[in-house]
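# Per-entry structural report
This is what each chain is made of:
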Amino acid sequence: LIRGIESIRIVEKYSAPVLIALSSALLWWAYQQTNGFGPMLSSATSQLTTRAAFMAVFLPAITANVGFWSTLSLNIPDFTRYAKSQASQLKGQAIGLPLFMALFSFLGVAVTSATVSIFGKAISDPVAVVSRIDGTLPTIMSLVGLVLATISTNIAANVVAPANALVNLAPRKVSFRKGALITAIVGIVTQPWRLLASPEGYIFTWLIGYSALLGPVAGIIIADYFLVRNRQLDVDSLYSKSGAYWYSNGYNPKAFLAFIIGVVPSLPGFLATAMGPNSLIASKVPAVFKKLYSGAWFVGFFVSIVAYLIIAKNRNHELDGDGETVNIKI
């Protein structure tokens, strides 16, 4: 953090192959212990015997996972701006993200399923699995892998974006180094490990809850760039207070309004979930809003797109970098 973004790039560069190797070793250990993939994947621990029961868990799980990754997707320019070309960043994301996320997801499911045969019960916590492996060397290697995974993941996903946001907020007072240290301190003070104390609270309240906020943000960005501006931007105006993108003292009121409209459908379901199933609020919230909340990111994404397009229809011109009025395509 102290040495800036270049040191973070080096950490990520060398951590990735080590983590892949150690994860593969963990999968091989589970394979050996269960005598093949057949016994490893045959453990039937799911109690979701009906379609309704499955969908009640599947849709929120998908939404939580999308919400989890939507943070990084919204601030991916913090990383792609260092790419040599548009093609290189497209290739890196197309190969690196879907392929390895699918492999790591499979690894997590496979090893968790294997623990049923090995230990007699399903263990999804990697720390708990590692603690049960016999031998000093495997334990040390596993702990090194967990430390590397924690550091590399948190720096890339949870430090770079807020550090850059603090720099943009006060560029004369805050450097990237200072912004990263502030982020690290705030991260400790907020005690995020408390969120993991309850898997239900972490998934259904936290992940889905903030996905209800991030979905509208993504929707507005896509609607504005692809549909309203037709992928045409005046680069000079992006850095000018007199340009087309200064709006009202630097804020776009129409985007804020579309954001609020996108969040509102998920708000009742969030309150019902946060307050608990036995609360007065939960009993008053109609079932339809609870179902909408299960897909909060998707609901907010599409609602905000429609809302922004309707609101943006009132604007058919803007200022270019020279302060002259130009037509834009709606």
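In the block above lies the structure referred to throughout.
Figured I'd write up the structure that's included with this text. (Residues numbered from 1 in each chain as written. Predicted model: local features only at pLDDT ≥ 70, side-chain atom pairs only at ≥ 80, totals over all residues. Heavy atoms only, no water.)

## Remarks on the nonpolar core
Ranked by size, the top nonpolar core spans 21 residues in total, and within it Ile208, Ile220, Ala258, Ala296, Trp297, Phe301 and Tyr308 carry the most contacts. Of all the elements in the fold, those that place two or more residues in this core are helix H9 (199-228), helix H10 (253-263) and helix H14 (296-312). In contact with Ile220, not counting residues within four places along its chain, are Ala255, Ala258, Phe259, Ser304 and Tyr308. Counting residues in hydrophobic clusters, the runner-up holds eleven residues, among them Leu107, Val111, Ile123 and Val129. (Core = buried A, V, L, I, M, F, W, Y, C linked by side-chain atoms within 4.5 Å. Buried < 20%, exposed > 50% of the residue type's maximum accessible area, 1.4 Å probe, protein only. Helix = DSSP H or I, 4+ residues; strand = E, 2+ residues; numbered from the N terminus. Contact = heavy atoms within 4.5 Å.)

## Re the pattern of salt bridges
With the rule as written, the count across this model stands at one salt bridge. The shortest N-O distance in the salt bridge between Asp224 and Arg229 comes to 2.9 Å. Overall, the relative accessible area of 15% leaves Asp224 in the buried class. (Salt bridge = Lys/Arg side-chain N within 4 Å of Asp/Glu carboxyl O.)

## Focus: unusual backbone geometry
With a phi angle near 65°, Asn35 is a residue other than glycine that sits in the positive phi range. Structurally, Asn35 can be placed in the loop between helix H1 (5-34) and helix H2 (37-41). The phi angle at Asn249 is positive, at roughly 55°, despite the residue not being glycine. Along the polypeptide, Asn249 turns up in the loop between H9 and H10. Under the relative-accessibility criterion, Asn249 is labelled exposed at 62%.

## What to know about H14
Taking 1.5 Å as the rise per residue, H14 with 17 residues should run 24 Å; its terminal C-alpha atoms sit 23 Å apart, in good agreement. Every buried residue of H14 is accounted for by Ala296, Trp297, Val299, Gly300, Phe301, Ser304, Ile305, Ala307, Tyr308, Ile311 and Ala312. In this fold, the buried residues of H14 make contact with helix H3 (51-74), H9, H10 and helix H13 (287-294). (Expected span 1.5 Å × (residues − 1).)

## Quick notes on the side chain of Ser23
Along the chain, the position of Ser23 falls in helix H1. Here Ser23 is in contact with Phe104 and Leu107, once residues within four sequence places are set aside.

## Quick look at the side chain of Ser294
Topologically, Ser294 is positioned in helix H13. Judged by its relative accessible area of 18%, Ser294 is buried. In this structure, Ser294 is in contact with Leu59, Pro60 and Thr63, ignoring residues within four places of it in sequence.

## Points about the environment of Ile261
Tracing the backbone through its elements, the reader meets Ile261 in helix H10. A relative accessible area of 35% means that Ile261 is categorised as partly exposed. Distance in space between the C-alpha atoms of Ile261 and Phe54 is 30 Å, their sequence separation being 207 residues. Excluding anything up to four places from it in sequence, Ile261 contacts Val303, Ala307 and Ile311.

## Section: the packing of H9 against H10
Two elements in contact, H9 and H10, have axes separated by 9 Å at closest approach and are oriented at 135°. Taken together, the axes of H9 and H10 lie oblique to each other. Both H9 and H10 take part in a crossing whose hand is right-handed. Across the interface between the two elements, Ala212, Leu213, Pro216, Val217 and Ile220 from H9 touch Ala255, Ala258, Phe259, Gly262 and Val263 from H10. Looking at side-chain class alone, the contact of H9 with H10 contains nine nonpolar, one polar and no charged residues. (Axes fitted to C-alpha atoms, helices over the stretch in contact; angles between N-to-C directions. Parallel < 35°, antiparallel > 145°, perpendicular 65-115°, else oblique. Left-handed = near helix turned anticlockwise from the far one by under 90°. Nonpolar A, V, L, I, M, F, W, Y, C, P; charged D, E, K, R; others polar.)

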